[in-house]
Amino acid sequence: MKYYVGIDIGGTNIKTGVVTETGEIVSEHSIPTRAERSQNEVLKDIIASVRESVAGANVNPDDILAAGMGTPGFIDSKNGIVIYNNNLGWRDFRIAPEMSRVLGIPVTLENDADAAALGEVIAGSAKGTKSAMIITLGTGVGTGYVVDGKIVRGCEFGHMVIEFGGRRCTCGRKGCFETYCSATGLINMTKELIAQNPEGKTALIAAKEGSVGGQTVFEAADEGDREAAELIDRYISYLACGLVNLINGLQPETISLGGGVAKQGERLLKPLRQKVGLEIYEGITFPKIVNCTLGYKAGLIGAALSAR
Ligand SMILES: [Zn+2]
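Residues numbered from 1 in each chain as written. Predicted model: local features only at pLDDT ≥ 70, side-chain atom pairs only at ≥ 80, totals over all residues. Heavy atoms only, no water.

Take the sheet that holds strand β5 (residues 74–76) next. Here three strands make up an open sheet; going across it, the order is β5-β6-β7 and the pairing antiparallel. Unpaired on one side and paired on the other, β5 and β7 (90–93) mark the two borders of the sheet. Taking the axes of each pair of neighbouring strands and ignoring which way they run, one obtains an average angle of 20° across the sheet. (Pairing = 2+ DSSP bridges. Helix = DSSP H or I, 4+ residues; strand = E, 2+ residues; numbered from the N terminus. Axes fitted to C-alpha atoms, helices over the stretch in contact; angles between N-to-C directions.)

A few words now on the domain arrangement of the chain. In terms of domain boundaries, the chain breaks down into domain 1 (3–121 + 297–305) and domain 2 (129–291). For domain 1 versus domain 2, the distance between C-alpha centres works out to 29 Å. Taken residue by residue, the interface counts ten residues in domain 1 and twelve residues in domain 2. Buried surface at the junction of domain 1 and domain 2, both sides included, amounts to about 910 Å², of which 65% is carbon and sulfur. Taken as a group, D114, L118 and V121 account for 49% of the area that domain 1 buries against domain 2, more than any other trio of residues on that side. For R153, the salt bridge identified is with E110, shortest N-O distance 2.7 Å. For the side of domain 1 that touches domain 2, the secondary structure elements donating two or more residues are β8 (107–111) and α3 (112–123). Considering each element in turn, the side of domain 1 that touches domain 2 owes the most residues, seven residues, to α3. The residue inventory of the side of domain 1 that touches domain 2, partitioned by class, reads five nonpolar, two polar and three charged. (Domains from an automatic or database assignment. Contact = heavy atoms within 4.5 Å. Buried area = accessible area lost by both parts, 1.4 Å probe. Salt bridge = Lys/Arg side-chain N within 4 Å of Asp/Glu carboxyl O. Nonpolar A, V, L, I, M, F, W, Y, C, P; charged D, E, K, R; others polar.)

This part covers unusual backbone geometry. Positive phi outside glycine occurs at D92, with the angle close to 45°. Here D92 is to be found in strand β7. Judged by relative accessible area, which is 55%, D92 ranks as exposed. For Q251, which is not a glycine, the phi torsion comes out positive at approximately 50°. Structurally, Q251 can be placed in the loop between α8 (226–250) and β12 (254–258). (Buried < 20%, exposed > 50% of the residue type's maximum accessible area, 1.4 Å probe, protein only.)

Once that is clear, we can look at helix α2 (residues 95–103). Listed as buried for α2 are I95, A96 and M99. In a view along the axis of α2, the buried residues occupy a sector of 90°, so they form one face of it. Where α2 is buried, its residues touch β1 (3–9), α1 (39–57), β4 (64–71), β6 (81–85), β7 and β8. One or two steps after α2, the chain reaches G104, where phi turns positive at roughly 75°. (Arc of directions from axis to C-beta.)

Below, the discussion takes up the layout of surface pockets. One number sums up the size of the second largest pocket: a volume of about 170 Å³. Taken together, E110, L118, G149, K150, I151, R153, L305, S306 and R308 form the lining of the second largest pocket. Considering only residue class, the lining of the second largest pocket consists of three nonpolar, two polar and four charged. (1 Å grid on protein atoms, 1.4 Å probe; cavity = no way out; pocket = protein on both sides within 12 Å on 5 of 7 lines; lining within 4 Å. Points joined across faces, edges and corners; volume = space filled by probe spheres on them.)

What follows covers the side chain of D8. Along the polypeptide, D8 turns up in strand β1. An unpaired buried charge is present at D8: no salt bridge exists, and K15, the closest side chain of opposite charge, is 4.9 Å distant. Every residue in contact with D8, bar those within four places of it in the chain, is listed here: N13, I14, K15, G70, D112, Y296, G299 and L300. (Lys, Arg positive; Asp, Glu negative; His and termini not counted.)

Looking along a regular strand, one sees the side chains alternate between the two faces of the sheet. Pairing geometry for strand β2 (residues 13–20) and strand β3 (residues 25–32), over seven bridges, is antiparallel. When the sheet's bridge partners are listed, T16 is paired in β3 with H29. Once β2 ends, the chain turns through four residues before running back antiparallel as β3, passing G23 with a positive phi of about 95°.

Glancing now at the pairing of β8. Within β8, four of the five residues are buried, which leaves the element mostly enclosed by the surrounding structure. Direction of pairing for β4 relative to β8: parallel, over a ladder of five bridges. Following the sheet pairing, A67 is matched in β8 by V107.

Shown next as structure tokens:
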């Protein structure tokens, strides 16, 4: 058996692990990122964490062929450099070549959403499909596209406009997919609903819980609130609009949804499939629309096996 080291770099934690060539995690380790430190200090910690993972895997180190890393931000995959990462404060960080020098194996670098998408294709919701789009509905909308088991780099559709002249996005444009369909977008729309009707069920639930989350409006709808149900319907319409753009253009076999909002499961997926079905271009094969199944493990498995 051959093995690969996976490294998944996040704003809060960095996860490392040893993964088999078929996508099974044999050991894993996690450290806090503490990004306020210098790049070199973080690098030293990651290397120590990799060594922990390797020691915990109980495999012959000669069978570990390479390491793959997934990181957020703007990266140069070819040279293994993080060019810029706003959240971590990294700039021109030659992370992969440095790590390769110390570990003595090749180290590759991918965008974290791309790595997670590959993980879902190798071992999760999109296993066995020829073309898969993985969409994460979290703080933003992340998209990763994998064709024939290979990451198609740079497929970032979160800033595709789905409402011309719509809501202002952090990127400077208006009406981006992300402004409507991220958890943040849903929360903003929920807050507007609360402002319009401070006596409504959604407002009461938010007051009871002390904050507004992506689930708040679903809870209000569960209690029979019509306004909440309408907002959910509007949210799903936006999501369907974005998905249909991607389906008509790329025709993926599978679309997997992950992130906080996707936790609603079939409650979200069922009406979503219906709306997509109404808008999809005639003659296009309807893709499977499902939930991601691996959670955080997708990033680790995908990062490791992107080094194959
Ligand atoms: Zn945008």
